[in-house]
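# Reading the structure
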Amino acid sequence: MRAPVSRRTLRWLQTIVLSAVALAWIYPLLWILSASVKDATGIFGSGLSLWPESWQWENYSRAWDEAGFARYMVNSVLVTVGTVVIVVVRCAAAGYVIARYRFVGRRLIVGVLAATMFIPTGLFVVPVVELSDVLGLLNSHLGLILALAGGGHVAAVLLYAGFYAKVPKELEEAAVVDGAGFLRTFLRIMLPLSGPITATVVVLTFLATWNNFFLPLVFTFSTPQNRTLAVGMLAFQGTNSTDWSGLAAAASLSLLPILALFLVLQRYFVEGIAGAVKS
Amino acid sequence: MAATIAHAPGPPRGRRVSRWVYVFVLPTLVLFGMYTIWPSVSSIFYSMLEWRGLGVDRTFTGLANYERAFSDPLFWGSVRVTVLVIVVTVPIRLAAALLLAIMLNNPRLPLARLLRTAFFIPVVATTAIVGIVMGFVLDPSSGPVNAALELVGMPAVDFLGSSDTALSSVMVVHVWKWLGITMIYWLAALQTVPVDLYEAAAIDGAGAWRRFTHITMPLLVPFVVIIGMLTVVETMQIFDLVLTMTGGGPFFSTLVTEVYIYQQAFAASNPNLGYAAALGVLFGVFTVLVVGVMLLLVRLVRGKGADA
């Protein structure tokens, strides 16, 4: 009788230790949230304490209005949504035909996609900026969106292809019997079927794009009004290095949307990432 | 002609379908060609130019940029720092995340889901913002870390301002930021271990440690290499964190290759795009070599598994 009880106690002990570590783990993020509503002396004076003595909501209005984070937020949303839409459309379409049709160049395309999976941004960045400059896209949202959505995303294509390869042929044949053409079959039957894949691709692309820094940084050197949140944050730090509470508010503004999205759609984040190992 | 095919009710579908196939693959071909293939190929050409900025005249100089790179102590230093970050942080992440995953994989552990979420949260936070915030958290005069040190009576440390501690600080933050993703990889790997194996072993009287060494470990071996590879590739792209925390300093002690490329191309008062392209090509070759070796290891481990 004693063994199961002690085992349960042991498990609770494990949970308590892990909870303490977990609390320390998220402490830096909690600290920045709390610093965002403190005044400067509160940040300097309160040490490790998270609870502000007086709530300074004007830190947020300072970041939002004066430091231009309203603008950066709009830019981040525009760039991220634009990129996600293009990635889903192009990857679903490419994955579909790669999985279900034999056409000239198919093997070559798959080979090239797989071979370029791990090429680092450092190799891309000079030619991408040069190309965008020549095409007149360097200082626009569209240029940044195309660069973010155009390169890479091999995993998304392969994810769709892997899914469509497993859909039974009878479904398509039934659609053809009903008089549906290629486009209708894809839009009405195949695309809805791959909903879970789309959810994963949307969530992971959203995360990668929202958090991207290298390309938005080099695309907005001469157009500060196009900065995304992450780039705006660097600029804010450069010009207002003493306004720490404003900095904390700006950081919180930038982090809260992605953290909230994660907490709501956690399942898709985790499944999408876990998929990288299983395949 | 096209119209007749489009309106034809029956069989001559073959041609119409094949046209749609190309329409479907075209966006990916064009975009991927512009933003992945073209950059890879043109980098090699750009790397042979003396090229001082966008829209500025460029002259062909052959392999001069490569000669310069090979005798550039900053480039070699950046390779050394990149390799050091990989060699130090990847094993730590693999081991610590495995430990966490094994504990959190226990379905009877109270609050397991909540704890997983807590350890994963830093992964979704924007790296560049984390980097800037960490500069703040590690501040020698008023950051909470130094406040904690003061509390236990230790002297303040200028974590990012001293070349002795800057790289270690960046590595600690890097591990903190990304440990959760490695944990998820391990949890996915652990899902593949059949539960009845544990039950059978428990019936045979095997303790937790024996179950771990005799069941879990052998089944996880193939995953070590895959997860190791994913982790190495992620670590090579530590640009965001380094640029925002230290900018590569102090005294180049945290200068990783991607930051050096960025500095040469965009941040220098005297930009040198040709040289940056050459560094990019070398870095690309380096990445491909590392990935190639790791893929080879995957094959080797898988092959062995099949023999056994």
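What you see is a predicted model; the values in this text were computed from it and never measured.

### Here's the deal with the overall build of chain A
Counting its secondary structure elements, chain A contains 15 helices and 0 strands. Computed over its C-alpha atoms, the radius of gyration of chain A comes to 24 Å, more than 25% above the 19 Å expected for a compact globule of 279 residues. Reported as C-alpha extents along the three principal axes, the dimensions of chain A are approximately 75 × 70 × 35 Å. Here chain A holds 279 residues, and the buried ones make up 52% of them. When contacts within chain A are restricted to residue pairs at least 6 apart in sequence, those whose partners lie at least 24 apart make up 72%. Here chain A displays about 12900 Å² of accessible surface, and carbon together with sulfur accounts for 68% of that area.

### Structural notes on the nonpolar core
A general feature of soluble globular proteins is that nonpolar side chains tend to end up buried together. Counting 189 residues, the largest nonpolar core has Phe69, Tyr96, Val97, Leu215 and Val218 of chain A together with Met183 and Trp186 of chain B as its most contacted members. Take this core: its biggest share by element is 17 residues, from helix H8 (residues 166-191) of chain B. When residues of this core are assigned to domains, at least three map to each of domain 1 (2-42) and domain 2 (64-307) of chain B. With residues near it in sequence (within four places) discarded, Val218 of chain A still touches Val125, Val129 and Leu138 of chain A together with Tyr262 and Phe266 of chain B.

### What to know about empty space enclosed by the protein
With the rule as written, the count across this model stands at 2 cavities of 30 Å³ or more. Considered as a void within the structure, the largest cavity measures approximately 40 Å³ in volume. Along the walls of the largest cavity sit Leu29, Ile32, Leu33, Ser252, Leu255, Leu256 and Leu259 of chain A, which together make up its complete lining. When residues of the lining of the largest cavity are traced back to their parent elements, those giving at least two are helix H1 (2-35) and helix H14 (244-264) of chain A. Residues of the lining of the largest cavity, tallied by class, amount to 6 nonpolar, 1 polar and no charged. A volume near 30 Å³ is recorded for the second largest cavity. What lines the second largest cavity is simply Pro28, Leu29, Ile32 and Leu255 of chain A together with Val130, Val133, Met134 and Trp176 of chain B. Broken down by class, the residue content of the lining of the second largest cavity amounts to 8 nonpolar, no polar and no charged.

### Examining the interface of chain B and chain A
At the junction of the two partners, chain B supplies 88 residues and chain A supplies 94 residues. Of the roughly 8300 Å² buried between chain B and chain A, counting both surfaces, carbon and sulfur atoms make up 81%. It is Phe24, Tyr35 and Phe136 of chain B in chain B that bury the most area against chain A; as a group they hold 11% of the surface buried on that side. Applying the counting criterion to the chain B and chain A interface returns 1 salt bridge. Here Arg58 of chain B ties to Glu130 of chain A by a salt bridge, and the two come within 3.2 Å at their closest N and O atoms. Scanning the region where chain B abuts chain A turns up 12 residue pairs in polar contact (both at pLDDT 80 or more). Ranked by the residues each element gives to the side of chain B that touches chain A, the list is headed by helix H2 (residues 13-46) of chain B, at 23 residues. Of the residues that constitute the side of chain B that touches chain A, the class distribution is 67 nonpolar, 14 polar and 7 charged.

### Notes on the layout of surface pockets
Considering only enclosed or pocket space, the second largest pocket measures out at about 1300 Å³ in volume. Every residue lining the second largest pocket is counted, 24 residues in all, and those nearest its centre are Ile102, Asn106, Tyr198, Ala208 and Arg211 of chain B. Listing elements by their share of the lining of the second largest pocket, those giving two or more residues are H1 of chain A together with helix H4 (73-104), H8, helix H9 (195-203) and helix H10 (208-236) of chain B. Looking at which element gives the most residues to the lining of the second largest pocket, the answer is H10 of chain B, with 5 residues.

### Focus: the side chain of Thr244 of chain B
Secondary-structure assignment places Thr244 of chain B in helix H11 (residues 239-245). In terms of polar contacts, Thr244 of chain B uses its side chain to reach the backbone carbonyl oxygen of Asp240 of chain B, at 2.7 Å. With residues up to four places along the chain from it excluded, the contact list for Thr244 of chain B reads Phe213 and Leu234 of chain A together with Thr127, Ala128, Gly131 and Ile132 of chain B.

### Notes on the domain arrangement of chain B
Split by domain assignment, chain B resolves into domain 1 (2-42) and domain 2 (64-307). In this structure, domain 1 of chain B and domain 2 of chain B have C-alpha centres spaced 40 Å apart.

### Some details on a nonpolar patch on the surface
All names here are of chain B. A cluster of nonpolar side chains, namely Val83, Leu84, Val87, Val88 and Ile92, defines an oily patch on the protein surface of about 360 Å² accessible area. By secondary structure assignment, the location of Val83 is in helix H4. Using a relative accessible area of 33% as the deciding quantity, one classes Val83 as partly exposed.

### Digging into helix H10 (residues 182-193) of chain A
All names here are of chain A. Spanning 12 residues, H10 covers 15 Å between terminal C-alpha atoms, matching the ideal 16 Å at 1.5 Å per step. Among the residues of H10, Phe182, Thr185, Phe186 and Met190 are the ones counted as buried. In a view along the axis of H10, the buried residues occupy a sector of 90°, so they form one face of it.

### Remarks on the packing of helix H13 (residues 229-239) of chain A against helix H6 (residues 127-137) of chain B
Packing of H13 of chain A against H6 of chain B leaves a shortest axis separation of 8 Å and a crossing angle of 25°. Put simply, H13 of chain A runs roughly parallel to H6 of chain B. The handedness of the crossing between H13 of chain A and H6 of chain B is left-handed. Taking contact as the criterion, the partners of Ala230, Met233, Leu234 and Gln237 of chain A in H13 of chain A are, on H6 of chain B, Ala128, Ile129 and Ile132 of chain B. When its residues are assigned to classes, the contact of H13 of chain A with H6 of chain B shows 6 nonpolar, 1 polar and no charged.

How each quantity is defined
Residues numbered from 1 in each chain as written. Chains lettered and ligands numbered in written order. Predicted model: local features only at pLDDT ≥ 70, side-chain atom pairs only at ≥ 80, totals over all residues. Heavy atoms only, no water. Helix = DSSP H or I, 4+ residues; strand = E, 2+ residues; numbered from the N terminus. Rg over C-alpha atoms; globule rule 2.2 N^0.38 Å. Buried < 20%, exposed > 50% of the residue type's maximum accessible area, 1.4 Å probe, protein only. Contact = heavy atoms within 4.5 Å. Areas by Shrake-Rupley, 256 points an atom, 1.4 Å probe, with all protein chains shown as cover. Core = buried A, V, L, I, M, F, W, Y, C linked by side-chain atoms within 4.5 Å. Domains from an automatic or database assignment. 1 Å grid on protein atoms, 1.4 Å probe; cavity = no way out; pocket = protein on both sides within 12 Å on 5 of 7 lines; lining within 4 Å. Points joined across faces, edges and corners; volume = space filled by probe spheres on them. Nonpolar A, V, L, I, M, F, W, Y, C, P; charged D, E, K, R; others polar. Buried area = accessible area lost by both parts, 1.4 Å probe. Salt bridge = Lys/Arg side-chain N within 4 Å of Asp/Glu carboxyl O. Polar contact = N/O pair within 3.5 Å; in protein donor to acceptor, adjacent residues only side chain to side chain. Patch = residues over 30% accessible without salt bridge, like charges linked within 9 Å, V, L, I, M, F, W, Y side chains within 5 Å. Expected span 1.5 Å × (residues − 1). Arc of directions from axis to C-beta. Axes fitted to C-alpha atoms, helices over the stretch in contact; angles between N-to-C directions. Parallel < 35°, antiparallel > 145°, perpendicular 65-115°, else oblique. Left-handed = near helix turned anticlockwise from the far one by under 90°.

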